[in-house]
Amino acid sequence: MKGIMIVLIRKTNAMATFNIQLNQQEIAVSQASENIFIVRLPEKTIHLERRQDNEGASHWFEEGKDNETTQTSQIGLAIETKLDS
């Protein structure tokens, strides 16, 4: 007996939202895509981009910038820790 299989795929734009601890403060983070995170710091909201080097190590950049700062690195590590838990 032959049949037809129908597969429905639904793509949503829903973002995963979670909190991280940074400098003894709870910071809200939304994951916009696999490597883009919206981080709501007390002083401003930043879009953080995770990039991997040729050895597979993650580096964290404010979207549109080419340098990893101490702050973006700390936030990225907190995000990775949360996602791995």
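The structure presented is a predicted model; accordingly, all values stated were derived computationally and were not measured.

Novice: How do you make sense of the sheet that holds strand β5 (residues 58-62) when you look at a structure like this?
Specialist: The strands making up a sheet are joined through hydrogen bonds of the backbone, oriented either antiparallel or parallel. With antiparallel pairing, five strands are arranged side by side in an open sheet as β1-β2-β3-β4-β5. Edge strands, defined here as strands with exactly one partner in the open sheet, are β1 (16-22) and β5. Averaged over all neighbouring strand pairs, the angle between strand axes comes to 30°, with direction disregarded.

Novice: In this structure, what is going on with the packing of aromatic side chains? I would like to understand it.
Specialist: What describes a pair of aromatic rings is the distance from one ring centre to the other and the angle between the planes of the rings. The full count for this structure, using the stated rule, is one aromatic pair. Look at phenylalanine 37 and tryptophan 60: their rings are 5.5 Å apart centre to centre, the planes differ by 55°, and that puts the pair in the tilted class. With phenylalanine 37 in strand β3 (residues 36-40) and tryptophan 60 in strand β5, this residue pair connects regions lying 23 residues apart in the sequence. Pair check on accessibility: phenylalanine 37 and tryptophan 60 agree, each one buried.

Novice: Looking at this structure, I do not really get the pattern of salt bridges. What am I missing?
Specialist: Should their charged atoms come close, side chains of opposite charge can pair. Tallied over the entire structure, the rule returns three salt bridges. Glutamate 49 serves as the salt-bridge partner of arginine 51, at 3.5 Å between the closest nitrogen and oxygen. You can call arginine 51 partly exposed: its relative accessible area is 26%. Through salt bridges with shared partners, a single network forms among Glu49, Arg51 and Asp66.

Novice: Would you mind showing me how to read the pairing of β5 here?
Specialist: Each regular strand displays side chains that alternate between the two surfaces of the sheet. Here five bridges tie strand β4 (residues 45-52) to β5, and the two strands are oriented antiparallel to one another. Each bridged residue has a counterpart across the sheet, and for glutamine 52 the counterpart in β5 is serine 58. Turn length for the β4-β5 hairpin, with the two strands adjacent in sequence and antiparallel, is five residues, and the turn residue glycine 56 shows positive phi of about 90°.

What counts as what
The numbering scheme is per chain: residues are counted from 1 as the chain's sequence reads. The model is predicted, so local features are restricted to residues of pLDDT at least 70 and side-chain atom pairs to those at 80 or more, both for listing and for counting; the totals for chains, interfaces and linings are taken over all residues. Computation of side-chain values covers all heavy atoms of the structure but excludes hydrogens and water. The criterion for strand pairing is that DSSP finds at least two bridges linking the strands in question. A run of H or I in DSSP becomes a helix once it reaches four residues, and a run of E becomes a strand once it reaches two; helices and strands are each numbered from the N terminus. Helix axes are fitted to C-alpha atoms over the stretch in contact, other axes to C-alpha atoms as well, and angles between N-to-C directions run from 0 to 180 degrees. Put simply, two rings from Phe, Tyr or Trp (the six-membered ring, in Trp's case) pair if the centres are within 6.5 Å, and we call them stacked under 30 degrees between planes, edge-to-face over 60, tilted for the rest. Per-residue accessibility, obtained with a 1.4 Å probe over protein chains only, is compared with the maximum for each type, and a residue is labelled buried under 20%, exposed over 50%, and partly exposed between these values. Salt bridge criterion: a side-chain nitrogen from Lys or Arg within 4 Å of a carboxyl oxygen from Asp or Glu.

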